[in-house]
Amino acid sequence: MRLSGTGLTLAYDRRIVASGLSVGIPDGSFTVIVGPNACGKSTLLRALARMVKPRAGAVHLDGAVIGSLPSKEVARRLGLLPQSSFVPDGITVADLVSRGRYPHQRLTRQWSPADAAAVAEAMAATGVADLADRCVDELSGGQRQRVWLAMVLAQDTPILLLDEPTTFLDIAHQVEVLDLCAGLHEQGRTLVAVLHDLNQACRHATHLIVMRDGRVVAEGDPLSIVTADLIADVFGLRCEIIPDPLTGTPLIVPHARWRAIREHTIDEASDRRSITSDSPVNVNPSRS
């Protein structure tokens, strides 16, 4: 595996997020990490991207400890779309996307036609080409997210790490972005994404990592590992698992609240009837 972590202890100041965590990203996979809030998903992704230094253990990229590699070398092999990013005041969309080409530039090789082509292709793929001259700070949250994704695509790395890439996007743009990611995977790139939507994760992942409380509780093909018991254990959610009518992948259907209320009401009514039928009948004797 080109990217893996072994025996990781991950922490922020004194708060330990994960301890003894090991994970391997299959080459050429579309790996999706899911789990409840604050279970360590994004922290793991940031550790794989060298944004969080492990307290113990190590992340390896192409056989080397990632922390030992030069920053530009890492950036030529691995791209990261973070949850939130700082946008310099007044920067245009085209300028921001162009920054994705920085790892490929050297003192003897500055901006080139190949850089321009990569930027144009990335902007077209993410649907932001018509925003090229707009200031990023004028855009909506969804537009900004697509611009950041374009910058990561312009970086042109074989491995992409995406931390909640559908944040701020409406359902149509969520589908567009994930379809774009699926296309990149089909072209041979390795993708690792953190997603909250379990059905989207099951539809797109070739390898699913399920986390809870800073540890991996299940991983593998979604068809093999996603069960109602797993969802109940990890998320505390009662559900049914049915095949997605379009893809055949697991589709998670939560038990509806109205059904739970109705079942509770029926059970209470049944209990009352049972109590009534089992109680002795008091008959007042007639007076003589």
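Scroll up a little and you will see the structure.
First, a word on scope: everything that follows refers to the structure included in this document. Keep in mind it's a predicted model, so treat the numbers as computed, not measured.

## Some thoughts on the nonpolar core
And step 1. Ranked by internal contacts, the top residues of the largest apolar core, which has 50 residues, are Val 32, Val 93, Val 97, Leu 208 and Val 210.
And step 2. When residues in this core are grouped by element, the largest group, eight residues, is from helix H5 (residues 141-155).
And step 3. If we ignore the near neighbours within four places in the chain, the residues touching Val 97 are Val 119, Met 123, Val 147, Ala 150, Met 151 and Ala 154.
And step 4. Among the nonpolar cores identified, the runner-up in size contains 27 residues, and Leu 10, Val 52, Val 74 and Met 211 belong to it.

## Quick word on the pattern of salt bridges
And step 1. On inspection of all chains with the given rule, the structure shows ten salt bridges.
And step 2. With a shortest N-O distance of 2.6 Å, Arg 2 and Asp 62 are connected by a salt bridge. Here Arg 2, found in the segment before strand E1 (3-12), pairs with Asp 62, found in the loop between strand E4 (56-61) and strand E5 (64-65); they are 60 residues apart in sequence, far enough to count as distant.
And step 3. One salt bridge connects Arg 212 with Asp 233, and the closest N-O pair in it is separated by 2.9 Å. Of the two residues, Arg 212 is situated in strand E9 (residues 207-212) and Asp 233 in helix H9 (residues 228-235); the sequence distance between them amounts to 21 residues.
And step 4. The class for Arg 212 is buried, based on a relative accessible area of 16%.
And step 5. Salt bridges linked by common partners bring Arg 2, Asp 62, Glu 73, Arg 76 and Arg 77 together as one network.

## A few points about the sheet that holds E5
And step 1. One open sheet accounts for four strands, arranged E2-E1-E4-E5; its pairing is antiparallel. The open sheet terminates on both sides in strands that have one partner only, identified here as strand E2 (15-25) and E5.
And step 2. Along the sheet, helix H1 (residues 41-48) makes contact with E1, E2 and E4, crossing E1 at roughly 120°.

## Here's the deal with the packing of aromatic side chains
And step 1. What the rule picks out here adds up to zero aromatic pairs.
And step 2. Stacked on the ring of Tyr 102, the Lys or Arg Lys 72 has its end atom at 4.4 Å from the ring centre.

Parameters at a glance
- Residues numbered from 1 in each chain as written.
- Predicted model: local features only at pLDDT ≥ 70, side-chain atom pairs only at ≥ 80, totals over all residues.
- Heavy atoms only, no water.
- Core = buried A, V, L, I, M, F, W, Y, C linked by side-chain atoms within 4.5 Å.
- Buried < 20%, exposed > 50% of the residue type's maximum accessible area, 1.4 Å probe, protein only.
- Helix = DSSP H or I, 4+ residues; strand = E, 2+ residues; numbered from the N terminus.
- Contact = heavy atoms within 4.5 Å.
- Salt bridge = Lys/Arg side-chain N within 4 Å of Asp/Glu carboxyl O.
- Pairing = 2+ DSSP bridges.
- Axes fitted to C-alpha atoms, helices over the stretch in contact; angles between N-to-C directions.
- Phe/Tyr/Trp six-rings, centres within 6.5 Å; stacked < 30°, edge-to-face > 60°.
- Lys NZ or Arg CZ within 6 Å of the ring centre and 35° of its normal.

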